[in-house]
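Examination of the molecular architecture
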Amino acid sequence: MEDHQNPLRFETSPYHNVVIKDRKSMELSGVKQIDSFDSSEFLLETTLGWMLVSGKDLTLGKLDTDHGDVIIKGSIDSMAYVSGKKGQERGSLFNRLFK
C-alpha cells in the first residue's frame, strides 16, 4: 500500500464526467489534481469539487495531464463528492467539538 502525498496538478477542461464500468473501471474527465492515492482510496480535485473514490486493489490505469483524464482500475466500492479535503473536514469537526 503505497501512499503518494505529492499532489499531481495539471491543466483540465471545464467539463467533468464519470463513467463506471462494471465496478472494475472508472473513467474521469475534468480532474484538476490527484491529491493522494493508495490501493484503497483516491482523493481527487475535479472541476466540480473534491471526489473520494474507495475500493480494493485500486490502481492508476491512465493519467492524461493535458486533458485532465484519469482511469482508475480495481474493485470500486464507492464514489463521493466531499466538501474540502478529507483532513480539513476532520480538523474542523474536532475543533468544533472542543470549543
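Note that the structure is a prediction, hence the values are computed from the model and not measured.

**Re the pairing of strand β2 (residues 17–21)**
Note on strand geometry: in a regular strand, side chains alternate between the two faces of the sheet. One ladder, built from five bridges, connects β2 with strand β3 (residues 25–29); its direction is antiparallel. Counted as the bridge partner of K21 is S25 from β3.

**Thoughts on the nonpolar core**
If you look at the biggest cluster of nonpolar residues, it comprises 13 residues, and the most contacted ones within it are L28, F42, L44, V53 and I72. Those elements that provide at least two residues to this core are β3, β4 (31–37), β5 (41–46), β6 (49–64) and β7 (69–82). Each residue touching I72, except ones within four places of it in the same chain, is listed here: K24, S25, M26, L28, F42, L44, V53, L58, T59 and G61.

**A closer look at unusual backbone geometry**
Unusually for a residue other than glycine, D22 sits at a positive phi of about 55°. Within the element layout of this structure, D22 appears in the loop between β2 and β3. The class for D22 is exposed, based on a relative accessible area of 69%. Even without a glycine there, the phi angle at R23 is positive, about 55°. In this fold, R23 is placed in the loop between β2 and β3.

**Focus on the packing of aromatic side chains**
A full pass over the atoms with the stated rule returns one aromatic pair. Plain terms: the ring middles of F37 and F42 are 4.9 Å apart, the flat faces sit at 15° to each other, and that makes the pair stacked. Of the residues examined, F42 reaches a relative accessible area of 0% and is grouped as buried.

Rules behind the numbers
Residues numbered from 1 in each chain as written. Predicted model: local features only at pLDDT ≥ 70, side-chain atom pairs only at ≥ 80, totals over all residues. Heavy atoms only, no water. Pairing = 2+ DSSP bridges. Helix = DSSP H or I, 4+ residues; strand = E, 2+ residues; numbered from the N terminus. Core = buried A, V, L, I, M, F, W, Y, C linked by side-chain atoms within 4.5 Å. Buried < 20%, exposed > 50% of the residue type's maximum accessible area, 1.4 Å probe, protein only. Contact = heavy atoms within 4.5 Å. Phe/Tyr/Trp six-rings, centres within 6.5 Å; stacked < 30°, edge-to-face > 60°.

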